[in-house]
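Tertiary structure, described
Below, each chain spelled out in residue letters.
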Amino acid sequence: QVHLEESGGGLLQTGGSLRLSCAASGRTFSTYAMGWFRQAPGKEREFVAVITRTGGNILYADSVKGRFTISRDNAKNTVYLQMNSLKPEDTAVYYCAAKGGVAEIVPSRYDYWGQGTQVTVSS
């Protein structure tokens, strides 16, 4: 069991930067693959970025590649999402999620979810 809590969301203008954090409870954080997903109003939850347990492998959605960076600090039980060059289409609730085993891009494969943090990018 792991509890996840996101922070760092906010309202900003196009081109701005934001760093999201996701703090996990428990002593087994390093055994979980972690992912960031987002959900915009009226849309399904979508994959943003995932990172393996050691951070050795990372995948990004094409829409964020080159602008977003996922990272993790297993000593701090935290995963981050650095978001640069933000666009209005990045507006969504951002969720972090955890799963055992390999990192995957399908949201339904994840076992644990945070409550989400709102990111709003104005034009």
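Per chain, residues are indexed from 1 in the order of the written sequence. Local features in this predicted model are restricted to residues whose pLDDT is 70 or higher, and side-chain atom pairs enter the listing and the counts only when it is 80 or higher, whereas totals over whole chains, interfaces and linings include all residues. Water and hydrogen atoms were dropped before computing side-chain values, which therefore reflect all heavy atoms in the structure.

Some words on the environment of serine 7
Where we set the bar: Secondary structure elements are taken from DSSP: a helix is a run of H or I of four residues or more, a strand is a run of E of two residues or more, and numbering for both begins at the N terminus. Residue contacts are defined here by distance: any two heavy atoms, one from each residue, within 4.5 Å place the two residues in contact.
Structurally, the position occupied by serine 7 is in strand S1 (residues 4-7). With 108 residues separating them in the primary sequence, serine 7 and glutamine 115 have C-alpha atoms 9.7 Å apart. Aside from chain neighbours lying at most four places away, what touches serine 7 is Arg19, Leu20, Ser21 and Thr117.

Quick word on the sheet that holds strand S3 (residues 18-24)
Think of a sheet as strands paired side by side through backbone hydrogen bonds, with each pair either parallel or antiparallel. To keep things clear, this is the line we draw: Only strands joined by at least two bridges in the DSSP assignment are considered to pair. Only C-alpha atoms enter the line fits that serve as axes; for helices the fit covers just the stretch in contact. Angles between N-to-C directions range over 0 to 180 degrees.
The four strands lie next to each other as S1-S3-S8-S7, forming an open sheet whose pairing is antiparallel. Every other strand in the sheet has two partners, leaving S1 and strand S7 (68-73) as the edge strands with one partner each. Each adjacent strand pair in this sheet contributes to an overall mean axis angle of 15°, direction not counted. Here S7 pairs with strand S8 (residues 78-83) via six bridges, running antiparallel. In the strand pairing of S8, isoleucine 70 is matched with leucine 81.

Section: the side chain of threonine 78
The cut-off we apply is this: A simple rule labels every residue: compare its accessible area, found with a 1.4 Å probe on the protein chains alone, to the largest value its type can have, and call it buried under 20%, exposed over 50%, or partly exposed in between. Polar contacts here mean pairs of N or O atoms no more than 3.5 Å apart (in protein, one a potential hydrogen donor and the other a potential acceptor; neighbouring residues in sequence count only if both atoms are side-chain atoms).
Considering the arrangement of structural elements, one finds threonine 78 in strand S8. Note on threonine 78: relative accessible area 9%, which makes it buried. A polar contact of 2.8 Å, which involves the side chain of threonine 78, links it to the backbone oxygen of lysine 76. Apart from the residues within four sequence positions on either side, threonine 78 is in contact with Ser21, Cys22, Ala23, Phe29, Ser71, Arg72 and Asp73.

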